[in-house]
Amino acid sequence: MPNDKEHNKVSVLIVGAGPAGLAAAIQLKTIKPQLDVCVVEKGADLGNHNLSGAVLEAEPLHTLLDSAVPGWEDSDAAKDVLASKIDKDNIMFLLGKKLSFNIFFAVKLAKIFHLGFGQMLHKGDYSVSISKLTKWMGQIAKELGAEVLTGFAAEDIILDESSDKATGVKLVDQGLDKEGNKQPNFVEGEVIEADFVVLAEGCDGLVTEKFIEKANLQRKSNQLYSLGVKELIKVSPEQYNKFTSGRVVHAMGYPIWTPVIGPGMFGGGIVYAGVQEHISVGMIVGADWKYCDFNVQDALTNFKNHRFVKKFIDGGTVVEAGAKMIPEGGFYAIPREPETGSIGKGNCVILGDSAGFVNMLKIKGLHNAIDSGIQAAEAIAETIDNPERAAVRYTELVDRSNIAREMYSARNFRQTVAKFGPLQGMPLSVFGGLLPKFKVEEDYEAMTIAPYRLKPNQNFDKDTFTAMAATGHREEQPSHLTILDSDICKTKCTPIFNSPCITFCPAGVYETIHDEVKPANPSNCLHCKTCQRKCPFDNIRWTVPEGGGGPRYKRM
Ligand SMILES: Cc1cc2nc3c(=O)[nH]c(=O)nc-3n(C[C@H](O)[C@H](O)[C@H](O)COP(=O)(O)OP(=O)(O)OC[C@H]3O[C@@H](n4cnc5c(N)ncnc54)[C@H](O)[C@@H]3O)c2cc1C
């Protein structure tokens, strides 16, 4: 528990030990070592709930560590986390199950003509494990004196009613049974009070979204999401050498988009070289897909079977797997205080994916997450005596940083594709800044009765997938997944769409039991939260379970 044990009070409370939250903790302890900084993280261990590609643009990390830990490059941890520098960068277009075209020249041309797509270059970046990166950053934060508490989930933010000032955060109760009754081991979730609250919960943060509502922050455009599923595969030395270390491949087209004849979904596949003969293979699909029987894992199966990918991974062993959402709405979906435009309010600031700082022209958010942590720390340090100015100052610093430049440059991209579909939207988005801000529907509203034509022959094996994510929760606790109105499932969703949550949930949480759709296996949940964003009737809510539950990623 935080430093001041009697009062549970800290100077700065950070919710979420991802790259954003930990960067804030490291920078704060570097520039204001006397401040007590506490980070709460719902995962049982650092890195357990962090899943990413992950191509890392390392400049913000270098900036952070250069001042925090001089000589950091020589540490064993740095050499381990940053072992894979990218020296081969491919962008492929896949057509059907067999054909592939390297379209890297198009990105290079776009770069020459200063078009948005020209940002999609990765040479000189690192291919990292975000779990390892997070663990390393957490260790540094602890060594600098921050208190990093794993297994502690936050469920709400407490605001002072008269001033709207955030006074602290309430943690999740532990030790309730399935019906919500207190068990002998019951521990009430404490309130940690703080002078500053930093929300760094990643995509679709529960506390963040509650804060946005309570503090009346506004988004100019709906937040859009995508779901990414990923496997880490140990391949043979021959396959690894054929793929080559230091190589990353981004693929468009099959199996989620074929021009004119369809399907027509936004996203693509990734194949990244890791270390020690491991290759990451993933599929990221915009959650505005319209096919009611679509599951991103089916697309991953097809992608793995494409001739271009198969030769590198066939016969390999999946050693880890997982799923997570990405916020894709970009610049216009950043939640802001209407009067000041601040990203947060008063003494509460919003960072990283919780704010939506993913540059969709690169599908990268790690560097912005770390940068936002740095800016938040600077803002807090400057407003120590005036905490209610923190969010305004943070936003000024973000606006002057590379985060704002990038987010602005990509401002219309995702909305244009959402509005017109990949075929027209992709070429149209070249006109980026010249286009108006298109109004787009929420992802869940896009669902139709159309089927996904490229269903693989075999159902994806979700049990093996969740086993590879090593996910689990204490069984005797209230379900953290709620179907708001089961009548809607029975009378509308099942007859019209055939209960898509059963198909699209990557962890197989939902099942039909005695003719009723239920979150029957909450213990399998991977915390991706796709269900609450893709249920076609907006009829599912995800809340944070007891701390310590969920996936246990080690190398994602
Ligand atoms: C499949 C996929 C591929 C990607 N590829 C890339 C890439 O190649 N390059 C790139 O730059 N970016 C990539 N991204 C995006 C990148 O991963 C994110 O932008 C980045 O992780 C954001 O960092 P964050 O700290 O804001 O959030 P996160 O990394 O999500 O960390 C948030 C932390 O907060 C914790 N938390 C959440 N809620 C609570 C709570 N209520 N209480 C306590 N703890 C809580 C979570 O457990 C988690 O540890 C990818 C994302 C995905 C899903």
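Small disclaimer: the values here were computed from a predicted structure and weren't measured. (Residues numbered from 1 in each chain as written. Predicted model: local features only at pLDDT ≥ 70, side-chain atom pairs only at ≥ 80, totals over all residues. Heavy atoms only, no water.)

(A) Representation of helix 12 (residues 390–400) in the model. For helix 12, every residue scored as buried is listed here: Ala390, Ala391, Arg393, Tyr394, Thr395, Leu397 and Val398. In this fold, the buried residues of helix 12 make contact with strand 12 (191–199), strand 18 (344–345), strand 19 (348–350), helix 11 (366–382) and helix 13 (402–409). (Buried < 20%, exposed > 50% of the residue type's maximum accessible area, 1.4 Å probe, protein only. Helix = DSSP H or I, 4+ residues; strand = E, 2+ residues; numbered from the N terminus. Contact = heavy atoms within 4.5 Å.)

(B) Quick look at the site of the ligand. In the neighbourhood of the ligand, 38 residues make up the surrounding shell, with Glu41, Ser52, Val55, Lys324 and Asp353 lying closest. In the model, a nitrogen atom of the ligand is placed 2.9 Å from a nitrogen or oxygen of the Gly53 main chain. A distance of 2.9 Å separates an oxygen atom of the ligand from a polar backbone atom of Leu366. For the ligand, the protein covers 98% of the area, taking 990 Å² as the surface of the free molecule. In terms of residue class, the shell around the ligand is made up of 22 nonpolar, 10 polar and six charged. (Near = heavy atom within 4 Å. Polar contact = N/O pair within 3.5 Å; in protein donor to acceptor, adjacent residues only side chain to side chain. Areas by Shrake-Rupley, 256 points an atom, 1.4 Å probe, with all protein chains shown as cover. Nonpolar A, V, L, I, M, F, W, Y, C, P; charged D, E, K, R; others polar.)

(C) Seen up close, the sheet that holds strand 13 (residues 225–234). Pairing is mixed in the open sheet, where seven strands are placed in the order 5-4-14-15-16-13-17. Edge positions in the open sheet fall to strand 5 (99–102) and strand 17 (317–327), since each of these has one partner strand only. Strand-to-strand, the axes of this sheet are offset by a mean angle of 20°, without reference to chain direction. In this structure, strand 14 (residues 247–253) lies alongside strand 15 (residues 267–273), joined through four bridges in antiparallel fashion. Across the sheet, the residue bridging to Ala251 is Gly269, located in strand 15. Packed onto the sheet, helix 8 (residues 296–305) meets strand 4 (88–95), strand 13, strand 14, strand 15, strand 16 (278–286) and strand 17 and runs at close to 135° relative to strand 16. (Pairing = 2+ DSSP bridges. Axes fitted to C-alpha atoms, helices over the stretch in contact; angles between N-to-C directions.)

(D) Inspection of helix 4 (residues 104–112) at higher detail. Here helix 4 has its buried residues at Phe104, Val107 and Ala110. Projected down its long axis, helix 4 carries its buried residues within an arc of 115°, all on one side. Exposed and oriented more than 90 degrees from the buried face of helix 4 are Phe105 and Ile112. Its buried side turned inward, helix 4 meets strand 4 and strand 5. (Arc of directions from axis to C-beta.)

(E) Focus on the pattern of salt bridges. Using the criterion set out here, one finds 22 salt bridges in the structure. Note that Lys170 is salt-bridged to Asp173, the shortest N-O span being 3.1 Å. A salt bridge links Arg393 to Glu396; the shortest N-O distance between them is 2.7 Å. Here the residue Arg393 and the residue Glu396 both occupy positions in helix 12, the gap between them amounting to three residues, near one helical turn. Sharing partners across several salt bridges, the network here consists of Glu57, Asp125, Lys362, Lys364 and Glu406. (Salt bridge = Lys/Arg side-chain N within 4 Å of Asp/Glu carboxyl O.)

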